[in-house]
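Commentary on secondary and tertiary structure
Here's the letter readout for the chains.
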Amino acid sequence: MTSATSREPGNVLVLSLGGTIAMTRSGLDDAGVQPRLTGAELIAAVPGLEREAILQVEDVRTVPGASLTLEDVADLAERLNHAATAGVTGMVVTQGTDTLEETAFAVDLYYHGRAPAVLTGAMRPPQSPGADGPANLLAAVQTAASPAARDLGALVVMADEIHAARHVRKVHSLSTAAFASPGTGPLGSVVEGVPRLHFSLPRHPGIQLPLARPARVEVLTAALGSDGALLDGLEECVDGAVIAAFGAGHVPASWVKPLENLATRIPVVLVSRTGAGSILSATYAFDGSERDLLDRGLISGGRLDPYKARLLLLAHLRAGSDRAAITAAFDHRG
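Residues numbered from 1 in each chain as written. Predicted model: local features only at pLDDT ≥ 70, side-chain atom pairs only at ≥ 80, totals over all residues. Heavy atoms only, no water.

1. A closer look at the side chain of Thr120
Relative to the helices and strands, Thr120 resides in strand β6 (residues 117–120). A polar side-chain atom of Thr120 sits 2.7 Å from the main-chain carbonyl oxygen of Val157. When sequence neighbours within four positions are dropped, the list of residues in contact with Thr120 reads Val92, Val93, Thr94, Gln95, Leu100, Asn136, Leu137, Ala140, Val157 and Met158. (Helix = DSSP H or I, 4+ residues; strand = E, 2+ residues; numbered from the N terminus. Polar contact = N/O pair within 3.5 Å; in protein donor to acceptor, adjacent residues only side chain to side chain. Contact = heavy atoms within 4.5 Å.)

Here it is in structure tokens:
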């Protein structure tokens, strides 16, 4: 395999959204960090990055990851689609890790180009000992510039691991190894500056932009002893709901009738709250089991976690998809 230093450098577009990777203190020792650094400043902090690719930089947002919206992600995806059409080798997005897994999944829904779209961030601010932002940005650029990463859609690169947007999760609040792909493992890793992929994945059908209509989708999580009080009248507040159920798709018996009524009014998607593995379809038959709920009109979310299921449902509702198209989209991801 060709080394990172000997290949012809490609053109990589770096889009900065803010987040911990761009957060510094205002100068007061006891002040907390806030997003302040530009994309150009992030690049300048990585020795030798200019040897990896010809870089273009754009500052898109300067916000914490928690403040990003679907409109922000749609705008980002439009920029990525345009850049891919214009012929860039790859693209890198820096943002906050709070919502990195969700942004990556939403980008994967809206981005249709062949060039790699790589998202990265940092768990430690630039002024902290052992700051991980520079290493993550370097590995992200190396991945975006690699022909091996083409046709894989949106990727997340953190701690020298390459993750598929559909699988990646933030699994720790503080560790620099906070990102993992439960059930599958990473797609690959960056070794001596070279992305090495263990396997690839076929891309799922995308969703076209722009956002056609407003919509709201919320996640409700089953918990021991919960009576489902929040389900009553929920259809008056939201356009769709995701039920993060126990285990393989189970809820308390008190939830059954409210969920059945709700599913006649809005799309209701059933997923597991565990974060790994699929819900079942026909194993259990008690009131509130996966079989019972699917028979009552809930839509199977398959292997999707609650947050990705919410984004898929929200994206289709905002695109104006009908119930049949929404059900088909979840079936496709089975």
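2. Observations regarding the pattern of salt bridges
The tally for this structure, following the rule as stated, stands at 15 salt bridges. A salt bridge links Arg61 to Asp72, with the nearest nitrogen and oxygen atoms 2.8 Å apart. On the criterion of sequence distance, the pair formed by Arg61 in strand β4 (residues 53–63) and Asp72 in helix α2 (residues 70–86) is long-range, its members being 11 residues apart. With its nearest N and O atoms 2.9 Å apart, the salt bridge here joins Arg296 to Glu260. Taken together, the residues Arg296 in the loop between α6 (290–295) and β16 (299–300) and Glu260 in helix α5 (residues 256–263) connect sequence positions 36 residues apart. (Salt bridge = Lys/Arg side-chain N within 4 Å of Asp/Glu carboxyl O.)

3. Quick word on the nonpolar core
Of all hydrophobic cores here, the largest spans 53 residues; its most connected members are Leu80, Met91, Tyr111, Val269, Leu313 and Phe330. Among the elements that line this core, the one with the most residues is α2, at eight residues. Among all residues touching Leu313, those that are not within four sequence positions of it are Val217, Gly240, Ala241, Val242, Pro267, Val269, Ile326 and Phe330. The next biggest cluster of nonpolar side chains, apart from the first, holds 27 residues, and it includes Val12, Val118, Ala164 and Val190. (Core = buried A, V, L, I, M, F, W, Y, C linked by side-chain atoms within 4.5 Å. Buried < 20%, exposed > 50% of the residue type's maximum accessible area, 1.4 Å probe, protein only.)

4. Some words on the sheet that holds strand β7 (residues 154–158)
Pairing in this open sheet of eight strands is mixed, and the strands run β4-β1-β5-β6-β7-β8-β11-β12 from one edge to the other. Since the sheet does not close on itself, it has two edges, and those belong to β4 and β12 (194–197), each with one partner. Along the sheet, successive strands turn relative to each other by an average axial angle of 25°, direction set aside. Pairing between strand β11 (residues 188–191) and β12: four bridges, direction antiparallel. Within β12, the residue paired with Val191 across the bridge is Val194. (Pairing = 2+ DSSP bridges. Axes fitted to C-alpha atoms, helices over the stretch in contact; angles between N-to-C directions.)

Everything listed here is a matter of geometry and, on its own, says nothing about what the molecule does.
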